[in-house]
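Listed here are the chains, written in short residue letters.
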Amino acid sequence: MNSCPVCSGTKIKNYLEKDNFVFLRCLDCGFIWVDVSGVNLSDYYNNSNYLHDKIGKGYVDYEADKAPMQPVYSALLDKIKSYCPGRRLLDLGTASGYFLDAADENGYFAEGIEINPSAVKEGLAKGRKIKQADILKNNYPDGSFDAITTFDLLEHLPPSGLDDYLSAIKKLLSEKGILAVITVNTASWWAKIFGKKWHTFLPPEHISYFNDKNIGLFLKNNGFEVLEIKTAHKIFSLQYIFNFLYRWQGVSLWLNIARFLEKRPRIGRLGLKLYLGDNMLVLAKKNE
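Let me sum up the structure you'll find in this document. Model, not experiment: these values are computed from the prediction.

**Some points on the side chain of Thr149**
Structurally, Thr149 can be placed in strand β7 (residues 145–151). The exposure class of Thr149 is buried, given its relative accessible area of 0%. There is a polar contact of 2.7 Å between the side chain of Thr149 and the side chain of Asp91. If we skip the residues at most four places from it in the chain, Thr149 touches Ile80, Leu89, Leu90, Asp91, Leu92, Phe99 and Ala180.

Quick look at the structure:
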């Protein structure tokens, strides 16, 4: 790719090499992305252990790891309501659909899209409305939803197709519909402190990295009006925290603690709010 996927700038510099992947950085807007040309990303997202991976890998138990986020989700849904009274909601990259329950409890008619077949199967077994589909091939009529949520999804999307994904999202939104995004922020103080050792540099899982400035440009260029951008603080289970620490740093102590907590779920599933500041919440309105 000879130009930036966000601003079309041509001042591109190699930023980092990790796990045989090359990270590129636009010197004009600061967008960072991974060269995934020739990589079959479906190999990662068809993983049958996606929601129940081993200690030291990904999620040990997705639903248990997400449960502490309930108050964050409720507050966000209230915020969306303040901008748009409609109640039809689509959650993109919904996994097994834990967030859909939170949305339903807050008065929404919620459904999700997910490409991982095992995650969809698990969500359907829990009675949630989930479609196994790619965002670009969803078969929903235009204007089907008043709100679309994309949590921890944008960083997974192929950089060369970002405009196509946002165009598909825009078509699905009703007039003045709301898009809510949570994604990592390369301009955060946590990201700046750790630099190239930042824990979220995880190719080929994470391949598109915005900051709080260029994401506004990206949305504006694709027909959205940004309503607010703010730091998002997440709440994680203790087990997830130590599991992720091991995945990031490879320190055996973190692995041992994660294994200890897995056997003691009453402790391991306690929630802890982390004030890292390296995630951002973006709310944007569809412009006609």
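The structure having been displayed, the exposition proceeds.
**A short note on the environment of Lys13**
Here Lys13 lies in strand β1 (residues 12–18). With a relative accessible area of 52%, Lys13 lands in the exposed category. Note: C-alpha distance between Lys13 and Leu24 (11 residues apart in sequence) is 5.7 Å. Contact partners of Lys13, with chain neighbours within four places excluded, come to Phe23, Leu24, Arg25 and Leu27.

**Regarding the sheet that holds β1**
With respect to topology, four strands assemble into an open sheet ordered β1-β2-β3-β9, the strand pairing being antiparallel. The open sheet terminates on both sides in strands that have one partner only, identified here as β1 and β9 (208–209). Bridging between β1 and strand β2 (residues 21–26) involves six bridges; their strand directions are antiparallel. By the bridge assignment for β2, Lys18 is matched with Phe21.

**Some remarks on the environment of Leu154**
Examined against the element boundaries, Leu154 turns out to sit in the loop between β7 and α6 (162–172). By relative accessible area, Leu154 is classed as buried at 8%. Residues Leu154 and Val6, 148 residues apart in the sequence, show an inter-C-alpha distance of 13 Å. With residues near it in sequence (within four places) discarded, Leu154 still touches Val181, Thr183, Ser208, Phe210 and Ile215.

Cut-offs and rules
Residues numbered from 1 in each chain as written. Predicted model: local features only at pLDDT ≥ 70, side-chain atom pairs only at ≥ 80, totals over all residues. Heavy atoms only, no water. Helix = DSSP H or I, 4+ residues; strand = E, 2+ residues; numbered from the N terminus. Buried < 20%, exposed > 50% of the residue type's maximum accessible area, 1.4 Å probe, protein only. Polar contact = N/O pair within 3.5 Å; in protein donor to acceptor, adjacent residues only side chain to side chain. Contact = heavy atoms within 4.5 Å. Pairing = 2+ DSSP bridges.

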